[in-house]
Amino acid sequence: MSALFGDKRKPTAKPQRGAAMAVPRRDRNDRVDQAEESKAAAKGAAPARVERRPRPQRRPPRRVVVALVTPPVLAILIAAVLVAYGSYRDLPVGALAAAPPSEKPAKAITERDLVQLEKKLAGIAPKGVYITVDTVENKLRVMRGNEVLRDALCSAGTGVVLEDPKSGKRWVFDSPRGVRKVLEKRKDPVWTMPDWAFIEEGEDLPRNWSDRIDKASLGDYALYLGDGYMIHGTLYQRYLGRNVTHGCIRLGDADLEFAYRNAPVGTLVYLY
Amino acid sequence: MHIRPALLFALLVLAGTAGAADPALRREALLAEIELAQSKQLYLVIDPAAGEVQLTIQTVVVRRFPVEMRVGLPAGHPEAWPAMVFKLHSGLPEFERPVIRPPDKPVVDTRTTGPAAPAVPDTGASAKKSPDDLLDERNRALAGVPTVYALHFDPELDILVRGEAEARGLSGQWKKAWASLGEGIGRGYARLTGKPRTLHIVMKMDPEDARRLGLTLTPQMPLLIRSE
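Computed from a predicted model, the values in this text were never measured in an experiment.

Chemist: Please clarify how the environment of Gln220 of chain B should be interpreted in this entry.
Modeler: Residue and element names in this part refer to chain B. Relative to the helices and strands, Gln220 resides in the loop between α6 (207-216) and β10 (222-225). For the pair formed by Gln220 and Tyr43, sequence separation is 177 residues and the distance between their alpha carbons is 9.5 Å. Here Gln220 is in contact with Lys87 and Leu88, once residues within four sequence places are set aside.

If you want it as structure tokens, here you go:
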């Protein structure tokens, strides 16, 4: 220990094991000074003032410093080299040029060609009224161009999976995504309950078709989007704005009536 | 004396044409967008000028995500996009869907069928759940959708979506610096071990927007990059 801290003075007597460690270094030095003073007194000499030796400077040896400092410095160096080696050129997105055309056009492109293409692109946008449905935030909008005709709360699919251990069948209650059309509209619609509606309740599938008929659940109107999906009313208005359905889009009474009156058959419905 | 006006005119013409996009590129971009719009599926558009990612269908922008975007260009890569339209092939954030099973049937009359069978332990999934319970489960599942994820597109483009709240205070800045050091080291190590280095875009956005974008994505969703 003393070599480690540069203290080369040896103790006068060999201490008991562990005792030297227990005595603080400063006390040990003082004890040595006191012993020399008492020796001088025993010889009859006047107790001369013993000059205290200057304490040795406790500087850690070089190899300790090296051992302590080298690993973090090396780690920092390696990290810096790795960061530099792995770095990419950082550019704004707009700085990159467009990909070169995949095919060379047969004839020179005129401004007129480009205008025609722009017209074609603009022609794909829906004309007249269309409906957008945000199935995550449960919002339905009836639109015309950029104008919002009606902004309504709706309820879309839960995203829950129903598993039937008996049949091994599985249903995912998601609302569809993409573009659909209003295929049909009905007032006082009737719901023909599919299998999952019984399985979910733990009921056996009905033998008679008439047992599947439900005249109450869909509200006053329904706009049919195909594959069993509809925009319809609800008995549970308090759940509007939340994902509680089996995939259909539910609307409140007033909003449903507005959609029914303003979205003719053929209206595009964008679900996302 | 007559040379100067002619030179000035030529310079003006040159300046005018330099600002306009190459007609061949413009045509290619329009054709790509027409094809996407006719496909009747949702697609993403990166609009660097507007600083947003647009969820689009049939040219109708149904949702805009404001983002801060930077491109990471590997050494030796030309300063151009490899394509105009990319297709998402992996990296979609996972959404663990709640699963329900039909509820157990009501106890039947034991006078005719004998003693009732021992009750099956309720695992939660088989009980009939109220809409509120289902909503809670859905919200819990949605909370698990990551806000930081990497999307991989074909051909060779990665998008790193970083839905991170702005670092505030010293500890926030420290965490951010630490994380970016870790990423930098990771990239260096990846290059050292011979992993391919692809062109990538880093998108910083609001965490909720990042989660929302993640829920919107579908496999093979096309991405169009507008470059003027």
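Moving on, there is more to tell.
Chemist: Hey, could you run me through the sheet that holds strand β5 (residues 161-163) of chain A in this one?
Modeler: Two pairing modes exist for strands in a sheet, parallel and antiparallel, and in both the strands are linked by backbone hydrogen bonds. Taken in spatial order, the 3 strands make up an open sheet running β6(A)-β5(A)-β6(B), and their pairing is mixed. In the strand order of this sheet, the two ends are held by β6 (170-172) of chain A together with β6 (99-100) of chain B, each with one partner. Across 3 bridges, the pairing between β5 of chain A and β6 of chain A is antiparallel. Note on β6 of chain A: the bridge partner recorded for Val161 of chain A is Val172 of chain A.

Chemist: Which parts of the structure should I look at to understand unusual backbone geometry?
Modeler: Among all residues except glycine, the phi angle is most often negative; among peptide bonds, the trans geometry is most common. All names here are of chain B. Note the cis peptide between Asp154 and Pro155, where omega equals -5°. Note on placement: Pro155 falls in the loop between β7 (148-154) and β8 (157-163). Its identity as a non-glycine residue notwithstanding, Lys40 has a phi of 65°, on the positive side. In this structure, Lys40 sits in the loop between α2 (23-38) and β1 (43-47).

Chemist: Would you explain the pairing of strand β2 (residues 52-57) of chain B in this entry?
Modeler: Regular strands place their side chains on alternate faces of the sheet. Residue and element names in this part refer to chain B. The sheet contact formed by β1 and β2 spans 5 bridges and is antiparallel. Residue pairing across strands places Ile46 opposite Val53, the latter belonging to β2. Counted along the chain from β1 to the antiparallel partner β2, the turn is 4 residues long, and its residue Gly51 has a positive phi close to 65°. Taking the residues between adjacent antiparallel strands as the criterion, β2 and strand β3 (residues 60-66) are bridged by 2 residues, where Gln58 takes a positive phi near 50°.

Chemist: Got a minute to help me understand the interface of chain A and chain B in this structure?
Modeler: Accessible area lost upon the coming together of the parts serves often as the stated size of an interface. In this assembly, 53 residues from chain A lie in contact with 67 residues from chain B. Those elements that place two or more of their residues in the side of chain A that touches chain B are α3 (62-86), β1 (89-92), α4 (111-124), β5 and β7 (178-181) of chain A. Ranked by the residues each element gives to the side of chain A that touches chain B, the list is headed by α4 of chain A, at 7 residues. Of the residues assigned to the side of chain A that touches chain B, the class counts are 33 nonpolar, 9 polar and 11 charged. Of the strand pairs in this sheet, β1 of chain A and strand β4 (residues 68-73) of chain B are connected by 4 bridges, and their pairing is antiparallel.

Chemist: I'm lost on the sheet that holds β3 of chain B in this one. Help?
Modeler: As summarised here, the arrangement of the 10 strands in space is β1(A)-β4(B)-β9(B)-β8(B)-β7(B)-β5(B)-β10(B)-β1(B)-β2(B)-β3(B), forming an open sheet in which the pairing is mixed. The strands lining the two open edges of the sheet, one partner per strand, are β1 of chain A together with β3 of chain B. On average, each strand axis in the sheet is inclined to that of its neighbour by 30°, with strand direction left out of account. Pairing analysis gives 3 bridges linking strand β5 (residues 85-90) of chain B to β10 of chain B, with the strands arranged antiparallel. Paired with Val85 of chain B across the two strands is Leu224 of chain B, which belongs to β10 of chain B. Strand contacts of α2 of chain B: β1, β5 and β10 of chain B, with the helix running at about 150° to β10 of chain B, the strand carrying the most contacts. Each of β2, β3, β7, β8 and β9 (200-205) of chain B touches α6 of chain B; the most contacted strand, β8 of chain B, lies at about 135° to it.

Quick notes on the rules
- Residues numbered from 1 in each chain as written.
- Chains lettered and ligands numbered in written order.
- Predicted model: local features only at pLDDT ≥ 70, side-chain atom pairs only at ≥ 80, totals over all residues.
- Helix = DSSP H or I, 4+ residues; strand = E, 2+ residues; numbered from the N terminus.
- Contact = placed C-beta atoms within 7 Å.
- Pairing = 2+ DSSP bridges.
- Nonpolar A, V, L, I, M, F, W, Y, C, P; charged D, E, K, R; others polar.
- Axes fitted to C-alpha atoms, helices over the stretch in contact; angles between N-to-C directions.

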